[in-house]
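# A look at the structure
The primary structure of each chain is shown beneath.
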Amino acid sequence: MDDQKFNMSMRKFLKEVGVTSQQAIEEVVRAENLGGKGKLKVKAVLTAEGTGLEHVVEGEIDLG
């Protein structure tokens, strides 16, 4: 395995996940007028086709 290609590909994927996730969260906060209304519970689930990977990250985003 070419570690440099793997690392670059991984970083590109994670950047896309981060950017698009932030955009989706900001959009729902605007669309549902949630700004200043407590906390938003969020969960991200990462899977990889053909593997047993299921990584779950849960958290809260302060809307205030």
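For the structure, check the block above.
Residues numbered from 1 in each chain as written. Predicted model: local features only at pLDDT ≥ 70, side-chain atom pairs only at ≥ 80, totals over all residues. Heavy atoms only, no water.

### Focus on the overall build of the protein
In terms of regular secondary structure, the protein is built from 1 helix and 2 strands. Starting at the N terminus and ending at the C terminus, the protein contains elements arranged as α-β-β. The dimensions of the protein, computed from C-alpha atoms along their principal axes, are 45 × 20 × 15 Å. For the protein, with 64 residues in total, the buried portion stands at 6%. Looking at the protein alone, contacts between residues at least 24 apart form 26% of all its contacts between residues at least 6 apart. (Helix = DSSP H or I, 4+ residues; strand = E, 2+ residues; numbered from the N terminus. Buried < 20%, exposed > 50% of the residue type's maximum accessible area, 1.4 Å probe, protein only. Contact = heavy atoms within 4.5 Å.)

### Thoughts on a nonpolar patch on the surface
Judged by side-chain polarity, F6, M10, F13, L14, V17, L46 and L53 come together as a nonpolar surface patch covering roughly 570 Å² of accessible area. In terms of residue count, helix α1 (residues 3-31) provides more of the nonpolar patch than any other element does, 5 residues in total. Secondary-structure assignment places V17 in helix α1. (Patch = residues over 30% accessible without salt bridge, like charges linked within 9 Å, V, L, I, M, F, W, Y side chains within 5 Å. Areas by Shrake-Rupley, 256 points an atom, 1.4 Å probe, with all protein chains shown as cover. Salt bridge = Lys/Arg side-chain N within 4 Å of Asp/Glu carboxyl O.)

### Here's the deal with the pattern of salt bridges
All told, the structure shown has 1 salt bridge when counted by the stated rule. E60 is the salt-bridge partner of K39, the closest N and O atoms lying 3.9 Å from each other. A residue pair is termed long-range when its members are at least 10 positions apart, and K39 in strand β1 (residues 39-47) and E60 in strand β2 (residues 54-62) qualify at 21 residues. When its relative accessible area of 56% is taken as the criterion, K39 is described as exposed.

### Section: the environment of L34
On the secondary structure map, L34 appears in the loop between α1 and β1. Between the alpha carbons of L34 and G50 there is a distance of 37 Å; along the sequence they are 16 residues apart. The contacts of L34, once residues within four sequence positions are left out, are V28, V29, L40 and L63.

### Considering the layout of surface pockets
Of the volumes computed, that of the largest pocket is approximately 330 Å³. Along the walls of the largest pocket sit 15 residues, with V17, S21, A44, V45 and V57 positioned nearest its centre. Elements supplying a minimum of two residues to the lining of the largest pocket: α1, β1 and β2. Per-class residue counts for the lining of the largest pocket are 10 nonpolar, 3 polar and 2 charged. (1 Å grid on protein atoms, 1.4 Å probe; cavity = no way out; pocket = protein on both sides within 12 Å on 5 of 7 lines; lining within 4 Å. Points joined across faces, edges and corners; volume = space filled by probe spheres on them. Nonpolar A, V, L, I, M, F, W, Y, C, P; charged D, E, K, R; others polar.)

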